[in-house]
Each structure stands twice: as C-alpha cells, then as structure tokens.
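Remarks on the overall topology
What follows is the residue order along each chain.
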Amino acid sequence: MKPIGDTARRALQARARPLDAARLRGLSPLLLIIPHPDDETLGCGGLIAEASDHNLDVSILYLTDGAASHRGSASWPAKRLAKVRRGEALSALDVLGVRADHVLFLDWPDAAPHPPRSKAFARSVEAVRRWRGGSPPRSVWAPYRDEGHCDHQAAWTLACEIARLWTASTPAMFEYLVWSWSDPGIAESLNGRSVWSLACEHQIARRRRALACHATQLGGLIDDAAQSFAIPASLRALTDCPHEVYLER
C-alpha cells in the first residue's frame, strides 16, 4: 500500500532542504502540538524519534482527548475511550523516546475546539505557559494550517498563540501534514513555501511499533459504535515513508 500523498511528497522533497542533525540541534527545545493521539506518529513520528536519539529536548502537547473516534459505543463510552487513548499516546511516545513528564494533555473535547477568543482557549495558553515555565522552546511544530479537520486547524491556531508567549525569543514555526496529503494539488499549493525534508528511513520499524500502540484506532477492537473511525491503510503507510516533510512558516 502506497502512503497517502506519495506523489506530492516526492515533489516537495525534490525542492526541500535537509533537516539534518545540526539543524535539529539548533531547534531544540522542540514543542510539538498534536491534535489527537496517533497524530504524533502519523505526522511527525520520525522527527520525534530522531530528536530523541540525539538527546534533544522534545515536549509534546496533546490538544484533544480523542473521545469522538467511536461515538455511541456502550462498551466504550467517551470517558473510557479518552483514558485508554491517553495511555496509547504515552505508550507510542515511549517507543519514540519521549518521557511522560515531557507530555501535557489539554483534554479539549474531540471535534469541538475552543474558539480563539474564549476563556477556555485562554486557559489553555496559560496552562502551557505554566508548564514550560522559564524554558521557552526554540521551535514549535503543529499541523498544517489548512488541514481539513477542525482540531488540526485549532492546533495551528493555538501554536501561533503559544509562540507569542516568548516575545524575547520568538521560536521558529514548522507545520506537518496528515490529512492534507490527500489533496492531489497540495504540492502546487505550497509553491513558495520553505520546505524541509527529514531522512528517517531507519526509523520505519520504530514508527510502526508506535502506531501499533494506538489499538483503538486500528479497527476491530470497538464493534458497537454508532459512528466509528479506523485509520485507513494509506494513512497508516505514512510510517513507511523514508522521509518526512515539514513547512517552515
């Protein structure tokens, strides 16, 4: 199975600069904003693993609780599903090399993001400020701003607001793609953007193991939901890509 967006990815890689170890060191500490548990592996699992292997400072911020992936299940009500998905996320991050004390869960409701000017949004920004304390990131990574999912768009909006917390040392901003790979014109629409390519073929087996931690999202486990989601095979195949592509703001 070819990964989603394989042709577009190759086109972007052809004009990308290499995101090598020296460049990564200059971007540490890294703060990654993740919309749902599993997006860390699908969108930037190679980056997390590479940064961890180089003993860089990597922190992960999960936006939502992921409880809307299987609506109406009697055996897996939202509270149980959210708890299990949190555990799956921590297991995946353990595979990728990130400790639990470098992870923050904001627990926004899945598929119902807080508006940017709401009190709940402001509380989340403040929670991140307290969490980071006096250790601002040098880089913030979030989903592509035009991803076709409200939580992914909200993660980018939150990332921009978080970056403003440290006016004395504004972090570099990077975007990763998940669902936008399904857009056949994505490479053309990104003409003029700064593109970076991370070589991570040696992390494929590790990324596969990390994705396997997300058992609730792989199908076959929850069979009584009125509306259910399973990661499509073409999206799972993102873990088999020898390169990951990132956009610099």
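In the block above lies the structure referred to throughout.
Residues numbered from 1 in each chain as written. Predicted model: local features only at pLDDT ≥ 70, side-chain atom pairs only at ≥ 80, totals over all residues. Heavy atoms only, no water.

This part takes up the overall build of the protein chain. The number of helices and strands found in the protein chain is nine helices and ten strands. Dimensions of the protein chain, computed from C-alpha atoms along their principal axes, come out at roughly 50 × 45 × 35 Å. Taken across its 249 residues, the protein chain has 54% of its residues classed as buried. Across the protein chain, the fraction of contacts at a sequence separation of at least 24, relative to all contacts at a separation of at least 6, is 84%. (Helix = DSSP H or I, 4+ residues; strand = E, 2+ residues; numbered from the N terminus. Buried < 20%, exposed > 50% of the residue type's maximum accessible area, 1.4 Å probe, protein only. Contact = heavy atoms within 4.5 Å.)

Glancing now at the nonpolar core. If you look at the biggest cluster of nonpolar residues, it comprises 50 residues, and the most contacted ones within it are Leu19, Leu30, Leu32, Leu47, Ile60, Trp141 and Trp181. By residue number, the principal contributor to this core is helix α3 (residues 39-53), which donates six residues. Leave out the neighbours within four places in its chain, and Ile60 touches Leu32, Ile34, Ile48, Leu93, Val98, His102, Val103, Leu104 and Trp131. By size, the runner-up hydrophobic cluster in this structure holds 23 residues, among which are Ile33, Leu61, Val125 and Val128. (Core = buried A, V, L, I, M, F, W, Y, C linked by side-chain atoms within 4.5 Å.)

Right, let's get into the pairing of strand β8 (residues 194-199). Alignment of strand β1 (residues 17-18) against β8, held across two bridges, turns out to be parallel. Opposite Pro18, over in β8, you have Ser197 as the bridge partner. Here β8 pairs with strand β10 (residues 243-248) via six bridges, running antiparallel. Bridged to Ser197 within β10 is Val245. (Pairing = 2+ DSSP bridges.)

Let us look at the pattern of salt bridges. Pairing of side chains with opposite charge becomes possible as their charged atoms draw close. Under the definition given, this model contains 14 salt bridges. Here Asp101 makes a salt bridge to Arg99, at a shortest N to O gap of 3.0 Å. Across the pair, Arg99 and Asp101 agree in class, each one exposed. Between Glu244 and Arg207 there is a salt bridge; the shortest N-O distance is 3.8 Å. On the criterion of sequence distance, the pair formed by Glu244 in strand β10 and Arg207 in helix α8 (residues 204-212) is long-range, its members being 37 residues apart. (Salt bridge = Lys/Arg side-chain N within 4 Å of Asp/Glu carboxyl O.)

Quick look at empty space enclosed by the protein now. Under the defined criterion, the tally for this structure stands at one cavity of 30 Å³ or more. The wall of the largest cavity is formed by Arg9, Leu42, Gly43, Leu177, Trp181, Leu238, Cys241, His243, Glu244, Val245 and Tyr246. In terms of residue count, the dominant contributor to the lining of the largest cavity is β10 (four residues). Split by residue class, the lining of the largest cavity holds seven nonpolar, two polar and two charged. (1 Å grid on protein atoms, 1.4 Å probe; cavity = no way out; pocket = protein on both sides within 12 Å on 5 of 7 lines; lining within 4 Å. Points joined across faces, edges and corners; volume = space filled by probe spheres on them. Nonpolar A, V, L, I, M, F, W, Y, C, P; charged D, E, K, R; others polar.)

This part is about the environment of Glu188. Inspection of the secondary structure assignment puts Glu188 in helix α7 (residues 186-189). Between the alpha carbons of Glu188 and Ala21 there is a distance of 28 Å; along the sequence they are 167 residues apart.

With that settled, the discussion passes to the layout of surface pockets. Its boundaries defined by the atoms lining it, the largest pocket holds a volume of some 260 Å³. Tallied by class, residues from the lining of the largest pocket come to eight nonpolar, six polar and four charged.

Moving on to the side chain of Glu244. In this structure Glu244 comes out as buried when scored by relative accessible area, which is 6%. Polar contacts involving the side chain of Glu244 include one to the main-chain amide nitrogen of Leu47, which spans 3.0 Å. Setting aside residues no more than four positions away along its own chain, Glu244 makes contact with Gly43, Cys44, Gly45, Gly46, Leu47, Trp196, Ser197, Leu198, Cys200 and Arg207. (Polar contact = N/O pair within 3.5 Å; in protein donor to acceptor, adjacent residues only side chain to side chain.)

Take the side chain of Thr64 next. Inspection of the secondary structure puts Thr64 in strand β3 (residues 58-64). Among the polar contacts listed, one links the side chain of Thr64 to the backbone oxygen of Pro35, at a separation of 2.9 Å. For Thr64, the side chain forms a polar contact with the main-chain nitrogen of Gly66, separated by 3.3 Å. With sequence-adjacent residues up to four places away left out, Thr64 is seen in contact with Pro35, His36, Pro37, Asp107, Trp108, Pro109, Asp110 and Asp151.

Attention now moves to the pairing of strand β2 (residues 30-34). Within β2, five of the five residues are buried, which leaves the element mostly enclosed by the surrounding structure. With burial as the criterion, each face of β2 is covered, one bearing Leu30, Leu32 and Ile34 and the other bearing Leu31 and Ile33. In the sheet, β2 pairs with β3 via five bridges, with the strands oriented parallel. Its bridge partner lying in β3, Ile33 is registered against Leu61. Between the parallel pair β2 and β3, the chain is carried across by α3, and the sense of this crossover is right-handed. Bridge count for β2 against strand β6 (residues 139-143) is three bridges, and the pairing is parallel. Residue pairing for β6: Leu32 is matched across the bridge by Trp141. (Right-handed = clockwise from strand over helix to strand, strands pointing away.)

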